[in-house]
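As a plain string of letters, each chain reads:
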Amino acid sequence: MVWNTNLRWRLPVTCLLLEVALVVLFCIFVRYDPDADAHWMDEKLAGNISSDLENEFYYRYPSFQDVHVMIFVGFGFLMTFLQRYGYSGVGFNFLLAAFGIQWALLLQGWLHCYREGYILIGVENLINADFCVGSVCVAFGALLGKVSPIQLLIMTLFQVTLFSGNEFILLSLLEVKDAGGSMTIHTFGAYFGLTVSWILYRPNLHHSKQPQSPVYHSDLFAMIGTLFLWIYWPSFNSAVSSHGDAQHRAAINTYCSLAACVLTSVALSSALHKKGKLDMVHIQNATLAGGVAVGTAAEMMLMPYGSLIVGFSSGIISTLGFVYLKPFLESRLRIQDTCGIHNLHGIPGIIGGITGAVTAAFANSAVYGEEGLIQAFGLRSKLDSSMQANLQAAGLFISLAMALVGGIIVGLILKLPFWGQAPDQSCFDDAVYWEVPEHERTALRPEHTTLRPPEP
Amino acid sequence: MVWNTNLRWRLPVTCLLLEVALVVLFCIFVRYDPDADAHWMDEKLAGNISSDLENEFYYRYPSFQDVHVMIFVGFGFLMTFLQRYGYSGVGFNFLLAAFGIQWALLLQGWLHCYREGYILIGVENLINADFCVGSVCVAFGALLGKVSPIQLLIMTLFQVTLFSGNEFILLSLLEVKDAGGSMTIHTFGAYFGLTVSWILYRPNLHHSKQPQSPVYHSDLFAMIGTLFLWIYWPSFNSAVSSHGDAQHRAAINTYCSLAACVLTSVALSSALHKKGKLDMVHIQNATLAGGVAVGTAAEMMLMPYGSLIVGFSSGIISTLGFVYLKPFLESRLRIQDTCGIHNLHGIPGIIGGITGAVTAAFANSAVYGEEGLIQAFGLRSKLDSSMQANLQAAGLFISLAMALVGGIIVGLILKLPFWGQAPDQSCFDDAVYWEVPEHERTALRPEHTTLRPPEP
Amino acid sequence: MVWNTNLRWRLPVTCLLLEVALVVLFCIFVRYDPDADAHWMDEKLAGNISSDLENEFYYRYPSFQDVHVMIFVGFGFLMTFLQRYGYSGVGFNFLLAAFGIQWALLLQGWLHCYREGYILIGVENLINADFCVGSVCVAFGALLGKVSPIQLLIMTLFQVTLFSGNEFILLSLLEVKDAGGSMTIHTFGAYFGLTVSWILYRPNLHHSKQPQSPVYHSDLFAMIGTLFLWIYWPSFNSAVSSHGDAQHRAAINTYCSLAACVLTSVALSSALHKKGKLDMVHIQNATLAGGVAVGTAAEMMLMPYGSLIVGFSSGIISTLGFVYLKPFLESRLRIQDTCGIHNLHGIPGIIGGITGAVTAAFANSAVYGEEGLIQAFGLRSKLDSSMQANLQAAGLFISLAMALVGGIIVGLILKLPFWGQAPDQSCFDDAVYWEVPEHERTALRPEHTTLRPPEP
């Protein structure tokens with residue numbers, strides 16, 4: 001196989017074609033939703049609106065900006081931990097997310113906000129587009145270092161489509177609750193990415209372990225990503241919840257779950273090291289599992305202690321996954337998972353789906369109030385709540401199935417030899433796709449070969 | 001010319017004199033606006049206010065904090081890309097912005113919020129002060145590495161004054177619309193800074209190319225700046241728009257424009273490199289051009305596809321500017337533009353001004369509604385809208401003229417030899433004005449001379 | 001003394017025991033406050049609530065997220081300035097804060113929100129928990145590099161308890177005003193931490209000066225912390241103020257004070273260096289003193305010029321403290337203050353307490369309005385306002401006393417030899433508690449001994 005990594009024509013043409021298509025489709029289909037349309041003033045004068053504050057903008061905009069930070073700074077910097085792949089980590093994430101949000105506005109718009117021939121967009125659409133792209137960022141984590149930017153754009157194109165279909169089935173057809181996206185974003189994104197990584201398996205990659213490890217400062221850059229994800233996760237899980245108590249509760253539950261998760265991640269990280277030392281990989285990743293695992297149930301009456309239990313468990317399971325499951329996946333199942341997304345998004349996402357189903361099963365009007373129960377689930381009786389629990393569980397399985405089937409198809413497409421992928425020895429190296437400062441290109445290589453003995 | 005870069009007396013005296021003057025002027029002139037004054041409670045009891053939520057604070061504060069992040073973290077870290085000028089990039093930006101916002105509160109206050117002998121300030125004044133300083137940060141980008149902190153303070157003193165005058169002419173006299181400041185902030189700031197840089201031309205600077213290039217990690221620090229600017233730009237363009245739909249729409253348009261801009265910047269960056277590699281300079285800068293270019297029209301009924309087109313074009317033009325125009329400006333016009341502000345703020349600012357004028361020309365009551373049109377422009381007829389378009393265009397020319405004339409005058413003042421400027425061979429080096437860790441002062445120099453061959 | 005720094009069993013057991021205890025206590029005691037409870041819908045239908053916007057969530061959530069960034073990114077990255085202690089700086093801060101917020105929710109809940117056997121939590125509790133942990137982060141600054149993570153967890157356990165007691169005395173018993181926590185957070189946290197550091201004095205630490213200094217990029221990482229603290233401080237000081245004008249005013253005053261503080265910090269930093277060079281330590285720390293010093297009075301009618309004067313003074317005093325007081329504390333009083341918290345939180349906190357008392361003394365109905373005065377202080381007459389001033393001063397002394405007594409007790413507990421503390425020669429070195437990239441462990445040491453001459 002001849003590796004041609006010169007993207008001079010392929011990348012520009014891909015980007016420009018996609019963007020031109022987006023412009024045309026936006027021109028035909030996308031308009032402002034009434035809260036963002038200048039006719040708002042006429043509505044106001046007509047007395048249909050009593051105060052500008054009722055504009056959805058003021059309910060959602062602060063959360064939107066927090067989610068936006070998570071997608072671009074959070075996921076972006078989380079992926080800068082490799083010693084020579086920081087440009088790509090943050091840069092390709094930027095590229096795929098910028099494309100993905102536009103494509104998601106269209107697809108989610110057609111499925112959820114299509115009125116008389118037009119998609120009407122407002123701030124909630126922006127949040128949902130960011131959410132959708134979040135699942136692509138998750139999948140990117142498994143592929144980090146091994147794919148070209150063209151492959152990422154193609155993957156985004158398909159994954160956003162599959163995501164929107166899956167989301168439509170869950171939220172609209174089954175009326176599943178999944179405010180923080182444990183199922184639609186994390187479970188789907190993780191197993192999709194892992195399946196693609198399985199298809200794209202590179203058997204000789206482990207010969208060059210060095211570039212897959214961090215350097216001191218790259219680990220600090222990654223902590224920027226971790227902390228912004230951790231801090232803003234309460235906004236992520238509450239951003240599209242119902243106004244008032246649901247949004248409020250989702251933020252509290254996520255705050256609690258994440259705090260508990262940090263303690264158990266640290267505990268396990270130390271306990272699993274022979275000298276009791278902490279591992280930055282666990283601090284950067286497992287501490288976030290609590291946010292994933294509480295996603296579905298965050299807006300429900302999970303209770304603060306319920307959130308702590310969710311965070312407690314997911315911190316433990318996620319750290320165990322990094323230590324035991326990740327090597328197993330690579331050696332036995334031939335799944336190379338660069339960032340360990342299986343441990344941060346995969347298993348915690350499943351925990352989240354199950355937690356949501358269980359919490360829904362116990363929903364009743366004593367806990368929620370009569371109106372609260374209807375508002376939260378559209379339920380009126382005990383019987384309904386077990387039905388809701390079944391639907392929640394079904395949603396989890398559908399997400400997994402969509403991820404596996406979709407991942408195989410998209411993986412096979414990405415395996416085609418003309419997307420500019422790099423040979424094994426150039427994986428995890430920015431110099432393939434980026435102009436890197438000259439003296440560092442020469443200075444880096446000796447370090448790899450002389451200073452660092454191969455790990456056992 | 002004797003270069004005395006010891007600022008021991010000059011910098012402290014400048015800072016303290018300016019700050020004492022500010023204290024005195026604030027004492028005489030500045031008070032709280034009614035929304036921030038304790039008499040608010042009396043108003044509320046008197047029935048003039050029905051809810052605390054009507055306080056302007058709740059409409060604007062989240063956007064204010066986002067803008068604040070852009071000015072101090074966004075612009076600050078964007079300027080840390082040079083290998084040995086990170087302290088100055090982020091530190092001098094911090095200094096000039098902290099001074100500038102105080103001075104801007106006064107000047108903008110006198111011109112816009114002067115009531116019965118007092119300037120009454122509230123959260124909107126804080127945003128506008130940040131905006132004003134944004135234009136100084138833009139100008140600083142052209143001068144980065146070549147001026148002393150005293151020169152920057154002097155420049156801020158004058159530029160804030162000129163900015164406020166120009167803003168007053170545009171917004172108050174001509175009633176031009178410019179919510180995101182394409183004209184008042186970006187065009188004015190960029191051409192002001194470029195003119196100053198032209199006056200301060202250093203013909204021998206190109207002999208020492210090395211320190212003007214980044215190192216690997218300095219480029220990642222700069223990406224922190226880029227991403228926070230990119231993420232929060234929807235807040236920047238919507239922060240002072242009218243309540244309700246205008247604010248909402250400005251955020252959506254900016255989100256769309258920026259997303260499109262990323263794809264075309266990446267496309268051009270790759271297409272213009274002989275091996276198709278991406279250049280961090282373009283990713284750090286050109287991806288933001290969409291935010292600048294949509295500034296004026298963001299709150300108008302530009303339509304989402306209109307925003308995509310604006311972002312599409314400005315990403316292309318900005319990247320072309322970095323590749324072809326920047327070297328031309330330096331070699332032929334003797335304008336040294338360290339950060340390439342001409343490509344990020346100058347040309348996109350002009351595009352923004354023109355887009356605003358064109359969008360205003362097409363404003364009518366079918367698109368805006370009767371009341372929406374009055375709210376947006378104060379217009380009642382088709383005739384008015386072409387008048388508005390002409391005023392918008394006039395505003396653009398006035399901003400350019402103010403920038404050029406003001407830049408020449410301020411440039412000549414800054415050329416005076418006693419501001420502590422550094423000799424050519426010490427440009428782009430923190431060690432001139434900062435205490436730098438000892439072992440790095442010695443360790444760095446050999447790297448410059450031995451490891452990095454001079455570029456062709 | 002045998003130094004056993006292997007935490008393999010001790011750290012996991014400590015973390016897990018603490019977290020299990022928290023889960024049990026949350027299960028027994030913690031429920032949602034009405035604004036976060038699903039019964040909200042019933043309230044709304046019953047007409048007790050007219051709009052979801054009245055939910056406390058919308059008044060406080062944006063400020064909460066800003067404060068959250070300050071605690072985890074702000075304090076975390078501020079402590080990454082040491083060349084080889086970045087993992088610990090940001091990681092241990094993450095650990096202690098995640099534990100502390102859960103423990104604070106309980107303690108502050110029992111003291112302030114205990115209703116019929118339950119603690120009812122909402123967004124304001126989250127903010128107050130973050131505040132409480134802020135005082136632990138402050139104390140951590142004095143101990144940075146010299147304590148184990150177990151010691152930090154033990155300290156957090158006790159300090160949060162003492163903080164809550166002190167806060168209860170001040171805010172509930174004495175009805176002292178301290179919205180931004182100049183007394184309860186900064187003064188208490190700083191003198192508590194300094195007292196603990198005094199008890200834990202390590203006389204031989206100064207022999208190994210090298211690791212206590214930064215490297216170039218570690219200083220830039222620290223600036224991330226500084227800037228996010230600086231930017232979001234207006235939210236910190238206004239987050240729990242009364243709705244409407246008080247919150248609005250607190251943000252304005254803090255903005256003004258911080259801006260002034262930057263100029264005087266820069267002035268003094270340059271004036272106190274023999275070549276007039278700036279010192280990153282001052283830029284990273286003293287520039288924040290204005291936020292601390294205006295904490296108590298920020299929500300009062302301090303006036304913008306009053307804020308400038310507070311910022312002006314505290315920038316000067318803080319920088320002087322770094323230059324003259326810090327070495328004096330270490331050599332004469334045997335207090336080793338790694339981050340210089342005495343200069344950033346200690347003295348400015350006292351200034352803040354005094355400023356609050358003085359401002360309260362001058363409160364009257366001419367300035368505040370009749371209702372405003374009652375709202376702000378619960379006062380009705382001139383006589384009351386001098387009483388309030390005395391109570392404010394008493395609050396400051398009580399905070400100091402609690403800090404000193406508490407610090408001695410906790411210091412003695414932390415001096416016990418089984419917490420896994422490191423020997424002097426391993427202080428300020430991540431490799432004791434963290435898995436550090438192999439080639440950097442070997443590459444770093446020679447640099448210390450050969451490249452860097454010992455400082456005079």
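No experiment lies behind these values; they were computed from the predicted model shown. (Residues numbered from 1 in each chain as written. Chains lettered and ligands numbered in written order. Predicted model: local features only at pLDDT ≥ 70, side-chain atom pairs only at ≥ 80, totals over all residues. Heavy atoms only, no water.)

## Regarding the overall build of chain A
Summing up its helical and strand segments, chain A has 17 helices and three strands in all. Taken over the C-alpha trace, chain A has a radius of gyration of 22 Å; the compact-globule value for 456 residues is 23 Å, and the two agree within 12%. If one aligns the C-alpha atoms of chain A with their principal axes, the spans along those axes are about 75 × 55 × 35 Å. Out of the 456 residues belonging to chain A, those deemed buried represent 69%. Sequence-distant contacts in chain A: of pairs separated by 6 or more residues, those separated by 24 or more amount to 81%. Carbon and sulfur atoms provide 65% of the accessible area of chain A, an area that totals close to 13,600 Å². (Helix = DSSP H or I, 4+ residues; strand = E, 2+ residues; numbered from the N terminus. Rg over C-alpha atoms; globule rule 2.2 N^0.38 Å. Buried < 20%, exposed > 50% of the residue type's maximum accessible area, 1.4 Å probe, protein only. Contact = heavy atoms within 4.5 Å. Areas by Shrake-Rupley, 256 points an atom, 1.4 Å probe, with all protein chains shown as cover.)

## Overview of the interface of chain C and chain A
The interface of chain C with chain A comprises 81 residues on the first partner and 77 residues on the second. When chain C packs against chain A, close to 6,800 Å² is buried across both sides, 73% of that on carbon and sulfur atoms. Put simply, chain C and chain A have zero salt bridges between them. Taken together, the elements giving at least two residues each to the side of chain C that touches chain A come down to helix H1 (10-29), strand S1 (30-32), helix H2 (40-45), helix H3 (56-78), helix H4 (86-112), helix H5 (123-143), helix H8 (216-238) and helix H17 (438-451) of chain C. (Buried area = accessible area lost by both parts, 1.4 Å probe. Salt bridge = Lys/Arg side-chain N within 4 Å of Asp/Glu carboxyl O.)

## Details of the state of the cysteines
As enumerated under the stated definition, the model contains zero disulfides over all chains in all. Take Cys339 of chain B: it sits in no disulfide, and the sulfur closest to it among the cysteines is that of Cys137 of chain B, at 11 Å. Just so you know, Cys15 of chain C is unpaired, no disulfide at all, and the nearest cysteine sulfur is the one on Cys261 of chain A, 12 Å from it. (Disulfide = S-S within 2.5 Å.)

## Brief notes about the pairing of strand S3 (residues 118-121) of chain C
Residue and element names in this part refer to chain C. Alternating positions in S3 separate cleanly, Ile119 and Ile121 being buried on one face and Tyr118 and Leu120 remaining unburied on the opposite face. Bridge count for S1 against S3 is three bridges, and the pairing is parallel. Along S3, the bridge assignment pairs Arg31 with Leu120. Both strand S2 (residues 114-115) and S3 contribute to a ladder of two bridges, which runs antiparallel. Residue pairing for S3: Tyr114 is matched across the bridge by Ile119. Once S2 ends, the chain turns through two residues before running back antiparallel as S3, passing Glu116 with a positive phi of about 50°. (Pairing = 2+ DSSP bridges.)

## Regarding unusual backbone geometry
A positive phi angle, near 50°, is found at Glu175 of chain A, a position not held by glycine. Within the secondary structure layout, Glu175 of chain A lies in the loop between helix H6 (149-173) and helix H7 (182-199).

## Topic: a nonpolar patch on the surface
On the surface, a cluster of nonpolar side chains totalling about 360 Å² of accessible area is made up of Trp9, Val13 and Leu17 of chain A. Here Val13 of chain A is to be found in helix H1 (residues 10-29). (Patch = residues over 30% accessible without salt bridge, like charges linked within 9 Å, V, L, I, M, F, W, Y side chains within 5 Å.)

## Comments concerning the packing of aromatic side chains
This model, assessed by the stated rule, comprises 72 aromatic pairs over all chains. With a centroid separation of 6.2 Å and an interplanar angle of 55°, the aromatic rings of Phe29 of chain A and Tyr114 of chain A are classed as tilted. Of this pair, Phe29 of chain A sits in helix H1 while Tyr114 of chain A sits in strand S2 (residues 114-115); the two residues are 85 residues apart in sequence, bridging distant segments of the chain. The exposure class of Tyr114 of chain A is partly exposed, given its relative accessible area of 37%. Lying over the aromatic face of Tyr216 of chain C, Arg84 of chain B brings its terminal NZ or CZ to 4.0 Å of the ring centre. (Phe/Tyr/Trp six-rings, centres within 6.5 Å; stacked < 30°, edge-to-face > 60°. Lys NZ or Arg CZ within 6 Å of the ring centre and 35° of its normal.)

## Observations regarding the sheet that holds S1 of chain C
Pairing is mixed across the open sheet formed by three strands, whose spatial order is S1-S3-S2 (chain C). If you trace the sheet from one side to the other, it starts and ends with S1 and S2 of chain C, each paired once.

## Regarding the relation of the copies chain C and chain A
Relating one copy of the chain to the other takes a rotation about an axis and a shift parallel to that axis. When chain C is brought onto chain A, the operation consists of a screw motion whose angular component is 120° and whose axial shift is 0.0 Å, with 0.0 Å RMSD remaining. The transformation relating the two chain copies, once decomposed into turn and shift, fits a three-fold axis. Closest approach to the rotation axis among the C-alpha atoms of chain C is made by Pro62 of chain C, whose C-alpha sits 3.6 Å away. When you check the interface residues of chain C against chain A, a mere 10% turn up at the interface there too, and the two sides of the contact use different surfaces. (Least-squares fit on C-alpha atoms with pLDDT ≥ 70 in both.)

## Remarks on the pattern of salt bridges
With the rule as written, the count across this model stands at 15 salt bridges over all chains. Salt-bridge contacts for Asp245 of chain A lead to Arg249 of chain A; the nearest nitrogen and oxygen are separated by 2.9 Å. Of the two residues, Asp245 of chain A and Arg249 of chain A both sit in helix H9 (residues 245-271), four residues apart, roughly one turn of that helix. A residue is classified by how much of its surface remains accessible, and Asp245 of chain A, at 4% relative accessible area, is buried. A salt bridge links Arg202 of chain B to Asp424 of chain B, with the shortest nitrogen-to-oxygen separation between them at 2.7 Å. Taken together, the residues span a long stretch of sequence, with Arg202 of chain B in the loop between helix H7 (182-199) and helix H8 (216-238) and Asp424 of chain B in the loop between helix H16 (382-415) and helix H17 (438-451) at a distance of 222 residues. The burial state of Arg202 of chain B is the same as that of Asp424 of chain B; both residues are buried. Three or more residues joined by partner-sharing salt bridges are found here, namely Glu56, Arg60 and Glu124 of chain A.

## So, the relation of the copies chain B and chain C
For these two chains of identical sequence, chain B goes onto chain C by a turn of 120° and a shift of 0.0 Å along the axis, with RMSD 0.0 Å. Little of the interface of chain B is mirrored in chain C: 10% of its interface residues are interface residues there too.

## Here we look at the interface of chain B and chain C
Facing the 80 residues of chain B at the interface are 77 residues of chain C. Between chain B and chain C, the buried area comes to about 6,700 Å², and carbon and sulfur atoms account for 73% of it. For the interface between chain B and chain C, the tally reads zero salt bridges. The set of elements that each furnish at least two residues to the side of chain B that touches chain C consists of helix H1 (10-29), strand S1 (30-32), helix H2 (40-45), helix H3 (56-78), helix H4 (86-112), helix H5 (123-143), H8 and H17 of chain B.

## A closer look at the packing of helix H4 (residues 86-112) of chain A against H8 of chain B
One can describe the packing of H4 of chain A onto H8 of chain B by two numbers: an axis separation of 9 Å at closest approach and a directional angle of 20°. One way to sum up the angle between H4 of chain A and H8 of chain B is to call them roughly parallel. Crossing angle aside, the handedness with which H4 of chain A passes H8 of chain B is left-handed. On H8 of chain B, the residues that touch Gly86, Tyr87, Val90, Phe94, Ala98 and Ile101 of chain A of H4 of chain A are Tyr216, Asp219, Leu220, Met223, Thr226, Leu227 and Trp230 of chain B. Taken together, the residues of the contact of H4 of chain A with H8 of chain B sort by class into 10 nonpolar, two polar and one charged. (Axes fitted to C-alpha atoms, helices over the stretch in contact; angles between N-to-C directions. Parallel < 35°, antiparallel > 145°, perpendicular 65-115°, else oblique. Left-handed = near helix turned anticlockwise from the far one by under 90°. Nonpolar A, V, L, I, M, F, W, Y, C, P; charged D, E, K, R; others polar.)

## Some words on the sheet that holds S2 of chain A
Residues and elements named next belong to chain A. Strand order in the open sheet formed by three strands is S1-S3-S2, and the pairing between neighbours is mixed. Across the chains shown, the open sheet's two edge strands, defined by having one partner strand only, are strand S1 (30-32) and S2. H1 rests against S1, S2 and strand S3 (118-121) of the sheet, and its axis sits at about 55° to S1.

## What to know about the environment of Thr5 of chain B
Tracing the backbone through its elements, the reader meets Thr5 of chain B in the segment before H1. In this structure, the C-alpha to C-alpha distance between Thr5 of chain B and Ile49 of chain B, residues 44 residues apart in sequence, is 57 Å.

## What about H5 of chain B?
Residue and element names in this part refer to chain B. A rise of 1.5 Å per residue sets the reference length of H5, with its 21 residues, at 30 Å; its end C-alpha atoms lie 31 Å apart and thus fit the reference within 8%. Most of H5 is tucked away: 20 of the 21 residues are buried. Just beyond H5, the residue with positive phi is Gly145, at close to 95°. (Expected span 1.5 Å × (residues − 1).)

## What to know about the side chain of Ser269 of chain A
With respect to the helices and strands, the residue Ser269 of chain A is situated in helix H9. Excluding anything up to four places from it in sequence, Ser269 of chain A contacts Lys277, Leu278, Asp279, His282 and Thr319 of chain A.

## Digging into the confidence of the model for chain A
Low pLDDT marks regions whose predicted coordinates should not be analysed in detail. With 95% of its residues at a pLDDT of 70 or more, chain A has an overall mean of 92. This stretch, residues 442-456 of chain A, has a pLDDT under 50; its non-local contacts, to residues over four places away or in other chains, come to 17 contacts. (pLDDT = per-residue confidence, 0-100.)

## Some details on the packing of H1 of chain A against helix H9 (residues 245-271) of chain B
Viewed as axis vectors pointing N to C, H1 of chain A and H9 of chain B meet at an angle of 155°, and their least axial separation amounts to 8 Å. Relative to H9 of chain B, the element H1 of chain A lies roughly antiparallel. The handedness of the crossing between H1 of chain A and H9 of chain B is left-handed. Across the interface between the two elements, Leu11, Pro12, Cys15, Leu16, Leu18, Glu19 and Phe26 of chain A of H1 of chain A pack against Cys256, Ala260, Leu263, Thr264, Val266, Ala267, Ser270 and Ala271 of chain B of H9 of chain B. Looking at the contact of H1 of chain A with H9 of chain B residue by residue, the classes come out as 12 nonpolar, two polar and one charged.

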